[in-house]
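# A structural walkthrough
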Amino acid sequence: MKRVVVGLSGGVDSSVTAHLLKEQGFDVIGLFMKNWHDDSVTISNECPWLEDSNDAMIVAEKLGIPFQVVDLSNLYKERIVDYMFDEYSKGRTPNPDVLCNREIKFDAFMDIALKLGADYVATGHYCRKGEEIIDGKPVYKLLAGKDNNKDQSYFLCQLSQEQLTKALFPIGELTKPEVRKIAKEADLITAEKKDSQGLCFIGKVRLPEFLQQKLQPKEGVIVTIPADFEQYTKQAPSFENKEEELKYYATKFTYNKEDGKVVGKHQGAHYFTKGQRKGLNVGGTKEGLYVIETDVVENVIYTGEGKNHPGLYRNVLFVSNKEIHWIRKDLTLKPGENMQVAARIRYRQPLENATLYKVETGLYVAFENQQSAIQEGQFVAWYKEDELLGSGVIS
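Everything numeric in this text was worked out from a predicted model, so none of it was measured. (Residues numbered from 1 in each chain as written. Predicted model: local features only at pLDDT ≥ 70, side-chain atom pairs only at ≥ 80, totals over all residues. Heavy atoms only, no water.)

## As for the sheet that holds strand S2 (residues 27–34)
- Spatially, the 5 strands line up as an open sheet ordered S3-S2-S1-S4-S7, and their pairing is parallel. Edge positions in the sheet fall to strand S3 (67–71) and strand S7 (167–168), since each of these pairs with one other strand and no more.
- Where S2 meets S3, 5 bridges bridge the pair, whose relative direction is parallel. What sits directly across from Leu31, in S3, is Gln68.
- This element, helix H1 (residues 12–23), spans strand S1 (3–7), S2, strand S4 (120–122) and S7 of the sheet and lies at about 165° to S1. (Pairing = 2+ DSSP bridges. Helix = DSSP H or I, 4+ residues; strand = E, 2+ residues; numbered from the N terminus. Contact = heavy atoms within 4.5 Å. Axes fitted to C-alpha atoms, helices over the stretch in contact; angles between N-to-C directions.)

Written out as structure tokens, the structure is:
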């Protein structure tokens, strides 16, 4: 009998994952990952992990499977939290959920599972795994979940072939309503439980407050840049070659305080991210202000009026060599090669047509349409139909 360890999070998705595997005849073990216990940065009195681990335990009892809590909080702090603060302090916006899957669920957690004699690790992600024999060897594919509203393949965009070999995603073929229905029929306590929002480790802690406790506030100014700013309207030069052109369009706009007018104050540029509208608290403009750039060195936030402000849009981004990750290593591009793909720069964004261009120093992703708020530090993921082929951190 094959043994599978399920990451039981105390939510409905992982509960149904365990239930389905049990029905399929696997020897199932439930593990709850405790990733956080630093009370100095928990802003509410609620203790979500206790409540969640309790729900996970009740589900395991109901299913008649062994259950235990594993404490990965030290590792989590080191690999995820410290990295996040470091990125924010540089004015980049990290994606802790993508990293949590790569570094914790399918690495540290997988190690524990394998020590328990597991053949597989299963999670409640809405995605699917495919397999194809290529040159006599099995190649694993990461496929989008059947539920278009819930497809979570993006969060797994950093997984490797080795990790996929051992991964199972039992609810990838289902929609969220179907999952809730199964949970109800199986009489699982989590059937009606709301989906958790927020970071994958703190549950009820919201990011700005979390950051404020680690990154010291410092007052700076908010500058608004007019829509007819000269950099937006200047004629593009003529290019010697494609790479030169890509580099030109991937280069972000640069601003000085003198380019616009000061409209307010903020408590720290590192709390803000491109495309953000909330938290600026500046009135008196016809349309809402959006962050178009943050300068953490000078501590200035540059904004533009309205969500169509030209400062928000670019259609080319760059990923440096050390940040390129191919799930399908067999499809890796060599310098000079290109590939037509569909890509997204954030979870829940509809896929957009794009072309990958490999150059000596990295990879350009050129979108057919302009993209709003391309943010350094976030992940771009590229697909062919419903298969996620690779991803990278936006430079």
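## What about the nonpolar core?
- Counting 54 residues, the largest nonpolar core has Phe106, Phe109, Leu142 and Phe169 as its most contacted members.
- Where this core is concerned, the elements lending two or more residues are S2, helix H3 (73–89), helix H4 (96–115), strand S6 (137–144), helix H7 (207–212), strand S10 (289–295), strand S17 (379–384) and strand S18 (387–393).
- The element that contributes the greatest number of residues to this core is H4, accounting for 9 residues.
- When residues no more than four places from it in sequence are discounted, the contact partners of Phe109 are Val5, Val6, Gly7, Leu31, Met33, Val70, Leu72, Ile104 and Val121.
- The next biggest cluster of nonpolar side chains, apart from the first, holds 27 residues, and it includes Ala18, Val59, Ile65 and Ile171. (Core = buried A, V, L, I, M, F, W, Y, C linked by side-chain atoms within 4.5 Å. Buried < 20%, exposed > 50% of the residue type's maximum accessible area, 1.4 Å probe, protein only.)

## Focus on the pairing of S2
- With respect to burial, S2 is a largely interior element, 7 of its 8 residues being buried.
- Alignment of S1 against S2, held across 5 bridges, turns out to be parallel. Paired with Arg3 across the strands is Asp27, a residue of S2.
- The parallel pair S1 and S2 is bridged by H1, and the resulting crossover is right-handed. (Right-handed = clockwise from strand over helix to strand, strands pointing away.)

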